[in-house]
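Examining the three-dimensional arrangement
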Amino acid sequence: MKFFIDTANIDQIKEAHDLGILDGVTTNPSLMAKEGIKGKEAVFNHYKTICQLVEGDISAEVIATTFNEIVEEGKSLAAIHKNIVVKVPMIKDGVKAIKWFTDNGIRTNCTLVFSAGQAILAAKAGAAYISPFIGRIDDGGWDGMLLIEQLSLIFQVQGYKSEILAASIRSPNHIIRCAEAGADVVTSPLDSILGLLKHPLTDIGLAKFLEDAKKSA
Ligand code: G3P
């Protein structure tokens, strides 16, 4: 399972990259706004910076919602760097645009996916990645992991080439359960990635080893 970080924060991207386990980055308009990145030029420059930091797929999301505009915006985003993957919302014009991008050699990440039916359409249109939002499903009182399990099964049975990119991660346990359920990629905030490191018995064990090491020094 590949690890992407879900942020536009440069320090957090650097920290995950320095850990040596980072395969890519996803962003969205909300994450850009959180970092105070305003205006098309600033957004494009920010993507360039991220592409220079991380050698891996970088998802850049379109704001447009009509076919022609999605295609034009997606072409501009894809021209920023070879590793840019155009992130397109799961709407009717989005599916049409994903098919256009597929036919024209531009890779896409279909975002805002909340059901198996939506994921099947995105896979048929040729999306490179499909992003089910498991945390937001949980927030609504359902179980986002059931969708990851369902998609793993469907994609295996049907031989779809799209990668399941589990998004809207809320905890280290989400990451573990995504690995178990067969997600191809998980995109996560830094704190959930770092949460995987933690175990109190590791801390207790290390403290004891260091204490005992002093006895034989
Ligand atoms: O980037 C898409 C997704 O990961 C958003 O997550 O936490 O806003 O539901 P969240």
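See the structure printed just above.
None of the values given here were measured: they were computed from a predicted structure.

What follows deals with the side chain of Thr-26. With respect to the secondary-structure elements, Thr-26 resides in strand β2 (residues 24–26). You can call Thr-26 buried: its relative accessible area is 1%. Ignoring any residue separated from it by four or fewer positions in sequence, one finds Thr-26 in contact with Phe-4, Ile-5, Asp-6, Thr-7, Leu-31, Ser-59, Lys-87, Asn-109, Leu-165 and Thr-187.

Turning to the packing of aromatic side chains, a few remarks are in order. The full count for this structure, using the stated rule, is four aromatic pairs. Where Phe-155 meets Tyr-160, the ring centres are 5.3 Å apart and the plane angle is 90°; that geometry is what we call edge-to-face. Its relative accessible area of 6% is what places Phe-155 among the buried residues.

With respect to the secondary-structure elements, Glu-163 resides in strand β7 (residues 163–166). Given a relative accessible area of 23%, Glu-163 falls into the partly exposed group. Separated by 10 residues in sequence, Glu-163 and Asn-173 have C-alpha atoms that sit 21 Å apart. For Glu-163, the residues in contact, after removing those within four places along its chain, are Lys-2, Ala-128, Tyr-129, Ile-130, Asp-184 and Val-185.

Below, the discussion takes up helix α6 (residues 116–125). Within the span of α6, buried status applies to Ala-116, Ala-119, Ala-122, Ala-123 and Ala-125. Buried residues belonging to α6 abut α5 (92–103), β5 (108–113), β6 (129–132) and α8 (144–158). A positive backbone phi angle near 95° is found at Gly-126, which sits one or two residues after α6.

Time to look at the packing of helix α1 (residues 10–19) against helix α3 (residues 40–53). Orientation of α1 relative to α3, taken along the N-to-C sense of each, is 15°, at an axis distance of 11 Å. By the criterion of interaxial angle, the relationship of α1 to α3 is roughly parallel. The crossing of α1 and α3 is right-handed. Only His-46, Thr-49, Ile-50 and Leu-53 of α3 make contact with α1, whose side of the interface consists of Ile-10, Ile-13, Lys-14 and His-17. Here the residues of the contact of α1 with α3 sort into four nonpolar, three polar and one charged.

If you check the shell around the ligand, you find Asp-6, Asn-28, Lys-87, Phe-133, Arg-136, Ala-167, Ser-168 and Arg-170 and nothing else. Here Asp-6 contributes a side-chain N or O atom positioned 2.5 Å from an oxygen atom of the ligand. Note that an oxygen atom of the ligand is positioned 2.6 Å from one of the side-chain N or O atoms of Arg-136. Within the complex, the protein chains bury 81% of what would otherwise be the 310 Å² of accessible surface of the ligand. The residue inventory of the shell around the ligand, partitioned by class, reads two nonpolar, two polar and four charged.

Thresholds applied
- Residues numbered from 1 in each chain as written.
- Predicted model: local features only at pLDDT ≥ 70, side-chain atom pairs only at ≥ 80, totals over all residues.
- Heavy atoms only, no water.
- Helix = DSSP H or I, 4+ residues; strand = E, 2+ residues; numbered from the N terminus.
- Buried < 20%, exposed > 50% of the residue type's maximum accessible area, 1.4 Å probe, protein only.
- Contact = heavy atoms within 4.5 Å.
- Phe/Tyr/Trp six-rings, centres within 6.5 Å; stacked < 30°, edge-to-face > 60°.
- Axes fitted to C-alpha atoms, helices over the stretch in contact; angles between N-to-C directions.
- Parallel < 35°, antiparallel > 145°, perpendicular 65-115°, else oblique.
- Left-handed = near helix turned anticlockwise from the far one by under 90°.
- Nonpolar A, V, L, I, M, F, W, Y, C, P; charged D, E, K, R; others polar.
- Near = heavy atom within 4 Å.
- Polar contact = N/O pair within 3.5 Å; in protein donor to acceptor, adjacent residues only side chain to side chain.
- Areas by Shrake-Rupley, 256 points an atom, 1.4 Å probe, with all protein chains shown as cover.

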